[in-house]
Each structure stands twice: as C-alpha cells, then as structure tokens.
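Below, each chain spelled out in residue letters.
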Amino acid sequence: MALTTALVTPAMAELSGTLRIMSDMSNPAPRAIMEGLAADFDAMHPNLTVEVEIVDREAWKSQIRNALTADAPDVINWYAANRMGPYVKAGLFEDISDMYANGDLPGLDSVKGAMTMDGKQWGVPYTYYQWGIYYREDIFKDLGLSEPTTFDEEIANCQKIVDSGRKCYTIGSKFLWTAGGWFDYMNMRTNGFDFHMQLATGQASWTSDEVKATFANWRKLIDMGAFIDDHQTYSWQEALPPFVNGEATAYLMGNFVVPHLREAGLTDEQIDFYQFPKIADVPMGEDAPTDTFHIASGAKNKEAARAFLQYVTSADVQTKINAGSGLGQLPVNANSSVDDDEFLNQGFDMLSNNATGGIAQFFDRDFPAEMASVGMEGLQEFMVFPDNLDDILNRLEAARTRIYK
C-alpha cells in the first residue's frame, strides 16, 4: 500500500507533528485497512506521528458532532451527499475546493458532485459499493431456480423457496437501516429514482398513491412469509447464520457482506449476486453508498490532513484498499483498477452499465437525519406489523411537514 515516489511531493515529505484520525471502520476488515493506511502514511513521513482512533460504527453516528466540536481530530470518516449537510452548514468540515481545482485529486471527477455542497467540495471519497441481492446459488440450483429479472419472477422464486421450508430473505432490522435498504429498492423500482429523491428531499408526500403502491408491493413479500422471523431482534451480522446455514436463500445487502460469507465457510460456487429486479417500467436506480474522509475545520495539522487525503485517494492506494482481500468494494478513482473478484466485477458492471436511473446514497444518507430516523422506525414497524401502514404513513407525513420547513 506504499505510496509511489511520484506522489511524494517535497511538501509532503516535510510533514511533521501529529496527525489525528478518527474512524468508524470498526468491522474487522475495514479496521485492518484503516490501521494499515495510518501505519503506511506514518512510515512515509519520519517527522510525522499518525494516531488513529477507531470508534464503533453505530455509535459514531451520534458521536461525530461532539468529536468535531471538542478537541477535533484532523481527519474523520463520514459519508457523501446529504449526510455531509449538517456538518457543512455548522462549519465543522474544511472547504477543500482548492484541492479539486488545482489538480491535487486526479481521477475523482465522477464523484465530485457527491462531495459538493453550496458549490464547494468538503471531502474526498475512498470507496463505494453496490447493493443488491446475494443468494445461495447452490440452493437455487437444487430448486431449479434462475436469477429473476422481474418482480413477478422474484415472487415466483420466493414461493418455491417458501414451499421448500426455507425463508426467501434474511435480514437484521435491529438497527433499522436494513429496512431502509428494502424501502429504497421497492420505491425506486415502483416509482423510479426521481420520485425517490423527491421523497428524500421533502417534495413528495408519504401518503401519496405512489408511496402506498411501494408498500403494497413490499407487503406481497411480507404476506408470503418471505422474511426470517424476529428479524427486529438481530443486527445485520446476527442475520448471517440463516443464510450461511441455508435456512434463508437471499440477503439484500451491500457488497461488504461478501468477506463475512467467505469467512463463514461459503465458497464463491455457493453464492452469487443479482440486481434487484424490475417492478415498473422505470429506469433502474441503485444504492451505491460512498464513504468519505473529511478534514475537521478545527484540525490542528491541516497540512498533514490534506496530504493524507491525497494519499488515500491515489489510484494505487484505492486499488489496494478496495481489493477483495481488503474492503471488498469498488475504488472511486477512475485510474484505479478493480480487483479480479466475482462480486466486484458484477457490481462494477451493474453500476457502470445498468444503473440508468441514478445512484442513491442509501435511505439514512439521502434523507435528513431526523427524517431518516423517524422513517426507518416506521419501515421496521411495517415489516413486523404491516396492518399499521396507515398510521405509519400519517406519522411520517406529519414528520415531513415539520422537518422540511
């Protein structure tokens, strides 16, 4: 992961002091990558001490504001697009527009928009990844099933799976965001990406016919018994065993699930991936969340922080950290190469060629934080108590009128 000598500028070579990084890369594979990045960057600069503090990913969502206001670190992990908004508006993220303008960050043109707010750039992306349906290829073969391309085919497959004594999908909705993923796809496939973003930005109503149609399609699966029981008691990791054991045949999840499936003993011959099937005749939008690094406006070593952002977005480093043996995701730098990994190649092809509707960042990133929180509570409740839908939609609509003022 060492930086090429061509990228080590004289200014970078003279870095000194301490560079403090706070990261939410707390799962084992990302943690190893983050600690490796810090160690390699430290080794490149003899007069610089790099300190990295890893915090729990879920806890970080509520801790980040305090971290940025009290003894702020130099560099932090966060997310692109709307999720940057509160910290940009509060003046807690450093404006790094000059780095984009003067060529310090080559290869990032395609994602510059996701880092832009108020006409300025506030951070850098280091990875993104596809979402889709990961499934037990071996069980599909045993049941004579093929990858569905339409929702009718999905339902027909699911019925055969349920009839075999299995569940169609595992899910752990304890921390709510996984239910958000299901809504994203059901809504983008029912109403299209543009309507989904109108809902995210408060322009569309939760009690509209379009939203009700989304939930009607989703309920078809719930009423079939497609999802594992008691999913509201499991985290997404705790929902892995039903998939590994063959009690459930599919998981709507991001590509970060693949290393966990391999570590659990499943081979690439047993698992495969397909794009969430088409429902209505609308272009196919996809969730492809983009993870980012930002410089705190209160950073004490902004020179080193900027050099680190150059380092972590360089083509070679992005190729390395996103490989199947690392994050198992996709590099954002256009000059990077995609690791020869079945799922990365499928995801790259899907996002490059078959995401004609647009790229969403994910429910809890596209919706404002308060709306996302209220919304995901309602989505989880719907999955457990679908008869509560009218009450749920009325609550979400009341929240929309209050939050989007």
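Residues numbered from 1 in each chain as written. Predicted model: local features only at pLDDT ≥ 70, side-chain atom pairs only at ≥ 80, totals over all residues. Heavy atoms only, no water.

Chemist: In this structure, what is going on with the overall build of the chain? I would like to understand it.
Modeler: Each helix and strand in the chain was counted, giving 18 helices and 13 strands. On C-alpha atoms alone, the chain measures out to a radius of gyration of 21 Å, which is about the 22 Å that the 2.2 N^0.38 rule sets for 405 residues. The principal-axis extents of the C-alpha atoms in the chain amount to approximately 65 × 50 × 35 Å. A separation threshold of at least 6 residues defines the contact pool for the chain, and within that pool the share at least 24 residues apart is 75%. If you sum the accessible surface of the chain, you get close to 15800 Å²; carbon and sulfur atoms cover 48% of it. Positive and negative side-chain charges in the chain, numbering 30 and 58 respectively, have mean positions lying 5 Å apart. (Helix = DSSP H or I, 4+ residues; strand = E, 2+ residues; numbered from the N terminus. Rg over C-alpha atoms; globule rule 2.2 N^0.38 Å. Contact = heavy atoms within 4.5 Å. Areas by Shrake-Rupley, 256 points an atom, 1.4 Å probe, with all protein chains shown as cover. Lys, Arg positive; Asp, Glu negative; His and termini not counted. Charge placed at Lys NZ, Arg CZ, Asp CG, Glu CD.)

Chemist: Whenever I open this one, the sheet that holds strand β9 (residues 248-254) confuses me. Can you help?
Modeler: Hydrogen bonds along the backbone pair up the strands of a sheet, which may run parallel or antiparallel. Reading across from one edge, β8-β9-β7-β10 is the order of the 4 strands in this open sheet, with mixed pairing throughout. Each having just a single partner strand, β8 (167-169) and β10 (271-274) make up the two edges of the open sheet. Neighbouring strand axes in the sheet, compared pairwise and without regard to direction, differ in orientation by 25° on average. Where strand β7 (residues 131-136) and β9 come together, 5 bridges link them in antiparallel fashion. Of the residues in β9, the one forming a bridge with Gly-132 is Met-253. Together, β7, β8, β9 and β10 form the strand contacts of helix α7 (residues 151-163), whose direction differs from that of β8 by roughly 140°. (Pairing = 2+ DSSP bridges. Axes fitted to C-alpha atoms, helices over the stretch in contact; angles between N-to-C directions.)

Chemist: Can you help me understand empty space enclosed by the protein in this one?
Modeler: Tallied over the entire structure, the rule returns 1 cavity of 30 Å³ or more. Here the largest cavity defines a volume of roughly 40 Å³. In terms of lining residues, the largest cavity is bounded by Phe-140, Glu-154, Asn-157, Cys-158, Ile-161, Cys-168, Tyr-169, Thr-249, Ala-250 and Tyr-274. Of all the secondary structure elements, the ones that give two or more residues to the lining of the largest cavity are α7, β8 and β9. The element that contributes the greatest number of residues to the lining of the largest cavity is α7, accounting for 4 residues. Among the residues forming the lining of the largest cavity, the class breakdown is 7 nonpolar, 2 polar and 1 charged. (1 Å grid on protein atoms, 1.4 Å probe; cavity = no way out; pocket = protein on both sides within 12 Å on 5 of 7 lines; lining within 4 Å. Points joined across faces, edges and corners; volume = space filled by probe spheres on them. Nonpolar A, V, L, I, M, F, W, Y, C, P; charged D, E, K, R; others polar.)

Chemist: I'm lost on unusual backbone geometry in this one. Help?
Modeler: The phi angle of most residues is negative, glycine excepted, and most peptide bonds adopt the trans form. Backbone geometry places Asp-230, a non-glycine residue, at a positive phi of 55°. The exposure class assigned to Asp-230 is partly exposed, which follows from its relative accessible area of 47%. Its identity is not glycine, yet Phe-362 carries a phi of approximately 115°, on the positive side. When you line up the elements, Phe-362 lands in the loop between β13 (358-360) and α16 (363-366). (Buried < 20%, exposed > 50% of the residue type's maximum accessible area, 1.4 Å probe, protein only.)

Chemist: It is not clear to me how the layout of surface pockets should be interpreted in this structure. Could you clarify?
Modeler: The rolling of a water-molecule-sized probe over the atoms marks out the regions of remaining empty space. As a volume, the largest pocket reaches approximately 540 Å³. As for the largest pocket, its lining consists of 31 residues, and the residues nearest its centre are Asn-27, Arg-57, Trp-177, Trp-236 and Phe-256. Where the lining of the largest pocket is concerned, the elements lending two or more residues are α2 (28-44), α3 (57-69), β6 (124-128), α12 (258-263) and α16. Considering each element in turn, the lining of the largest pocket owes the most residues, 3 residues, to α3. Across the lining of the largest pocket, the residue classes tally to 15 nonpolar, 8 polar and 8 charged. What lines the second largest pocket is a set of 19 residues, and nearest its centre among them are Arg-83, Asp-364, Pro-368, Ala-369 and Ala-372. Contributing elements (two or more residues each) for the lining of the second largest pocket: α3, α4 (85-89) and α17 (369-384).

Chemist: When you look at the nonpolar core in this model, what are you seeing that I'm missing?
Modeler: A general tendency of soluble globular proteins is for nonpolar side chains to be buried together. Counting residues in hydrophobic clusters, the biggest one holds 132 residues, and the most contacted among them are Trp-206, Trp-218 and Phe-308. Those residues in contact with Trp-218 that sit more than four places away from it in its chain are Ala-179, Trp-182, Phe-183, Met-186, Phe-227, Leu-379, Phe-382 and Met-383. (Core = buried A, V, L, I, M, F, W, Y, C linked by side-chain atoms within 4.5 Å.)

Chemist: What exactly am I supposed to notice about the sheet that holds strand β3 (residues 75-79) here?
Modeler: As summarised here, the arrangement of the 5 strands in space is β2-β1-β3-β12-β6, forming an open sheet in which the pairing is mixed. Two strands lie at the open edges of the sheet, namely β2 (48-54) and β6, each paired on one side alone. Neighbour-to-neighbour, the strand axes of the sheet open up by a mean angle of 25°, direction not taken into account. Bridging between β6 and strand β12 (residues 290-295) involves 4 bridges; their strand directions are antiparallel. Each residue of the ladder has a partner; that of Thr-127, found in β12, is Asp-291. Against the sheet, α2 engages β1 (17-23), β2, β3 and β12, with an angle of about 170° to β2.

Chemist: Please clarify how the packing of aromatic side chains should be interpreted in this entry.
Modeler: To describe a pair of aromatic rings, you give the distance between the ring centres and the angle between the ring planes. Tallying each qualifying case throughout the model produces 31 aromatic pairs. Seen from their ring centres, Tyr-185 and Phe-276 are 5.2 Å apart, and the 20° between their planes marks the pair as stacked. One end of the pair, Tyr-185, is in helix α8 (residues 177-191); the other, Phe-276, is in the loop between β10 and β11 (285-287), and 91 residues separate them in sequence. Comparing Tyr-185 with Phe-276, the two get one shared label, buried. Geometrically, the ring pair formed by Phe-293 and Phe-308 is edge-to-face, given 5.5 Å between the ring centres and 90° between the ring planes. Placement of Phe-293 in strand β12 and of Phe-308 in helix α13 (residues 302-313) is noted, with a sequence separation of 15 residues between them. As far as burial versus exposure is concerned, Phe-293 and Phe-308 are alike and both buried. Among the aromatic side chains, those forming a connected cluster through ring pairs are Phe-183, Trp-206, Phe-215, Trp-218, Phe-363, Phe-367 and Phe-382. (Phe/Tyr/Trp six-rings, centres within 6.5 Å; stacked < 30°, edge-to-face > 60°.)

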